[in-house]
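Okay, here's what each chain looks like letter by letter:
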Amino acid sequence: MTIDMSQFIGVFFDETAEHLASMEALLLQLDPTAPDDEALNAIFRAAHSIKGGAATFGFNDLAEVTHTLENLLDRLRKHELPLQQVMIEVFLQAGDVLRGMLDAHRGYGSADPAAIAGVSARLSELVAHPAGMVADSGKPHGAQATASGVTGHLHIAQGPECEIERLRQSIRVYGDILSDSPGNTSGEYRFHLCLQRPVQDLFDELEFVIAPERLQWLPEAVAIAPRDGLADPDDGYGFFTEVSKTQPVVADDGEAFGFFVPLPPSVHQEQAAGDGYGFFTPIASPAPAAELAPAVSPPPAPEPAVRALAGKAGAAKTPQESSIRVGVEKVDQLLNLVGELVITQSMLAQNASHLDPAQHDLLISGVQQLERNTRELQEAVMSIRMMPISAVFSRFPRLIHDLAGKLDKQVELRLLGEQTELDKGFIEKLADPLTHLVRNSLDHGIEAPEIRRAKGKPEVGTLTLKAFHQGGSIVIEVRDDGAGLNRERILAKARERGMAVSESMPDAEVWQLIFEAGFSTAATVTDVSGRGVGMDVVRRNIQSMGGRIDIESMLDVGSTISIRLPLTLAILDGMSVQVGDEIYIVPLSFIVESLQPSADVVKTVTGQGRVINVRGDYLPVIALHDVFNIPSRLSTYQQGLMIILEADGQQVALFVDDLLGQHQVVVKNLETNYRKVAGVAGATIMGDGRVAFILDVSALVRLAQKPSQAVAFAQPA
Amino acid sequence: MEQIHDGVNQELLVFTLGAEEYGIDILKVQEIRGYDAVTAIANAPSFIKGVINLRGNIVPIVDLRIKFQLGNVTYDQFTVVIILSLVGRTVGVVVDGVSDVVTLEQEQIRPAPEFGAVLDTSFMRGLGTLDERMIILLDIEKLMTSSEMALFEEMAA
């Protein structure tokens, strides 16, 4: 095979990384007391695929570690060994080592040889001393099936030449080569073998170098072989072994290889097997479908076999999403171009709106068509960037697993809303802040089991990560049922650090103190957290994404930290409003309604704060010209408009001079070249090329919660 | 003062504010353009005129005439904006006019004397002499990133 492999290496790296990730996820779900067959099979398949790929591309170090891993997994999934917690730990470590090696091959960093050796040694140890473990668990069945040697002839049919020495090496892992000789035609070989392990395993191994249809196994000392199976007839799991010993080989065992269609088993051999022992029922035709591949069903144990098959069938049907991998920068470029297109389109639309519809009907309908197409194009491009948040969440089961072990705490992690989609840019930037919050919750929030018991809480703490959409934002919550924040301790610490605090501060303001740089109330600094670096960085990261971070906490009940992010960075639907000579954009998602106030609906409260009566509800009034200190062209409320905005569950009325229209605007970051402006979330470029600011509605609503400073207008007489 | 002692002669862009001539490192200048309509920033100091759309980028505009209380603050077709590229950011400054580009030798530059002025002398790299002209050498980067200008947030000092 003289295919240039280099072009596939990138794909191999990506796939291997995916396999490792799925392996890790499955391992963490695995219950050592009652392992799920399907999960074990899936883990095995992942390891198997990594090994196959690594061997193909010549990454022998990867292949070696995976090989040992695979051996152990294989015996686990065949129930030759009981699963133990220690194995899961070793598997997880092996996964880390493999990831390190993969990164090294990719050219990032270098693999740690000590870690590789350590993990390999532990894996080999687990492989080498299974007997003791089997005895311990009181489940000796199945182990004998592989213990006795089976002699037979392995026949490799004519085909492309392969390295005979490598072949021998591979075979020796599975048994002793009594003799071997090349056949008459090219690529043909005969081996006389005494196998110590199931022939199926040998075939799995050889499939990487030789097409399975070229392989044929002719058992020799059949007289002793089936005894194993008969001695243990109620054990359906031994049946793979039996099949391989007596059955002419159908190499496809129904696993990850869809590449090769199994050859019809030789009728003669099948007959021999069937007649000789009356043990197997020959079937008429080889099963083409992968899930039916174990082409015989052993009568003594139909039920477990059926179960195993069902498991395989389910696994084989995992949806194959067709996708292409595209560089992020290409998507970003596309998004930028669409952004510019949106600006041009709105400019055209604005100009076309001045034209006489009767004279320019074609142009105007064209512009309308363009608007529709632009919007659809934009949505399509945006959706490319959207990813489910599970991309971030997926790292936490492992993190919790490790941390809980290190801290001697018991924690159950609940993930909710994993499919909530958000901008890919956020996904990457969210990982660090969220990790920090989770670590904090685990370290400072959730108490040790004995303390929890003393407090009358369940020993196992619960940490919930939840993502959901709310209005135009996405909210991510990190909730724990731990100790909660200690108000007294925070205030004491703040005073110690010379901050201006008072006992009467509302809780929400006290909690915000923990975001100050260098603030940590942890009694002891652990290697997990407590150094007080971080929360300020977390807040800065979230704010740089245009988001907000809030804390709710109750002592001994728990804390909830919620991160609120805009749905996307790039484009938003907005309403342009006029105040004086300035134009501002109000994000549409915050607007409830707009209305023209009548003379008597705006009232003052204690002579300062102004409220408006909207259908019986009094809403605070924010006059935009007041907030931004710009001269309004109006002298009374009746001349302008009230826009009812809702943010953070509160409604306010925003007073503006006029509504201009609805636009799609490309959000530009004001902080790229300037600094943050209070009340302004960003800027955009209007159709005429001028800059308009996008209002930060949440900030305006918060403003309304503070006492108002000035009177907007004298009350109309 | 550091950069000036690098030994290499520097090309300076000279602009005028009222009767005074100021020189800035020409490598910091991205372009020179006319004054467009700006979008005012709410609650900003008076010398920050607002922001403009510079080919899709939002760029703040500072009027140095207001900041230094020099020159006539009028905006017409002759008003000049120097677009500067500083520490990865883009800022525009409004000046009375751009006169020329000069190269000053090391010996033509004298340290700025300490005196109480509107302009903190720490933003001056010295005073340059060219024939009869005195050119005030500005460390424009230091000036623009100073907290006094309130242009950027938490800039590294």
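Residues numbered from 1 in each chain as written. Chains lettered and ligands numbered in written order. Predicted model: local features only at pLDDT ≥ 70, side-chain atom pairs only at ≥ 80, totals over all residues. Heavy atoms only, no water.

A.B. asks: Kindly report on the interface of chain A and chain B, identifying the contributing residues and their values.
C.D. replies: It is common to give the size of an interface as the accessible area that goes away when the parts come together. Counting from both sides, the interface comprises 20 residues of chain A and, opposite them, 23 residues of chain B. Approximately 1,900 Å² of surface area, both sides summed, lies buried where chain A meets chain B, with 53% of it carried by carbon and sulfur atoms. Broken down residue by residue, the surface that chain A buries against chain B is led by A:Asn673, A:Tyr674 and A:Arg675, which jointly contribute 36%. The interface formed by chain A and chain B holds zero salt bridges in total. For the pair chain A and chain B, the number of links is seven residue pairs in polar contact (both at pLDDT 80 or more). Elements with a minimum of two residues in the side of chain A that touches chain B: β13 (582–587), β21 (680–685) and β22 (691–695) of chain A. Among the residues making up the side of chain A that touches chain B, the classes are represented as 10 nonpolar, four polar and six charged. (Contact = heavy atoms within 4.5 Å. Buried area = accessible area lost by both parts, 1.4 Å probe. Salt bridge = Lys/Arg side-chain N within 4 Å of Asp/Glu carboxyl O. Polar contact = N/O pair within 3.5 Å; in protein donor to acceptor, adjacent residues only side chain to side chain. Helix = DSSP H or I, 4+ residues; strand = E, 2+ residues; numbered from the N terminus. Nonpolar A, V, L, I, M, F, W, Y, C, P; charged D, E, K, R; others polar.)

A.B. asks: Residue-level account of the sheet that holds strand β19 (residues 650–656) of chain A, with values.
C.D. replies: Residues and elements named next belong to chain A. Strand order in the open sheet formed by six strands is β14-β18-β19-β17-β16-β15, and the pairing between neighbours is mixed. Each having just a single partner strand, β14 (591–595) and β15 (602–605) make up the two edges of the open sheet. Within this sheet the neighbouring strands show an average axis-to-axis angle of 35 degrees, counted without direction. The pairing of β15 with strand β16 (residues 609–614) spans four bridges and is antiparallel. Across the sheet, Val-605 pairs through a bridge with Gly-609, a residue of β16. (Pairing = 2+ DSSP bridges. Axes fitted to C-alpha atoms, helices over the stretch in contact; angles between N-to-C directions.)

A.B. asks: How would you sum up the nonpolar core? Please name residues and give values.
C.D. replies: Generally speaking, nonpolar side chains in soluble globular proteins are found buried as a group. Core analysis: the largest hydrophobic core is formed by 67 residues, its most contacted members being A:Tyr584, A:Leu624, A:Leu654, B:Leu64 and B:Met144. In contact with B:Leu64, other than residues within four places in its own chain, are B:Phe15, B:Leu17, B:Gln69, B:Val93, B:Val94, B:Val95, B:Leu143, B:Met144 and B:Met149. Residues A:Leu422, A:Leu430, A:Trp511 and A:Met545 belong to the second largest nonpolar core, which totals 46 residues. (Core = buried A, V, L, I, M, F, W, Y, C linked by side-chain atoms within 4.5 Å. Buried < 20%, exposed > 50% of the residue type's maximum accessible area, 1.4 Å probe, protein only.)

A.B. asks: I'd like a rundown of the packing of helix α18 (residues 424–445) of chain A against helix α22 (residues 535–544) of chain A, residues and numbers included.
C.D. replies: All names here are of chain A. Running from N to C, α18 and α22 cross one another at 145 degrees; their axes reach a closest spacing of 9 Å. With respect to the hand of their crossing, α18 and α22 are arranged in left-handed fashion. When α18 is examined against α22, the residues Leu-430, Pro-433, His-436, Leu-437 and Asn-440 are found in contact with a partner set consisting of Met-535, Val-538, Asn-541 and Ile-542. (Left-handed = near helix turned anticlockwise from the far one by under 90°.)

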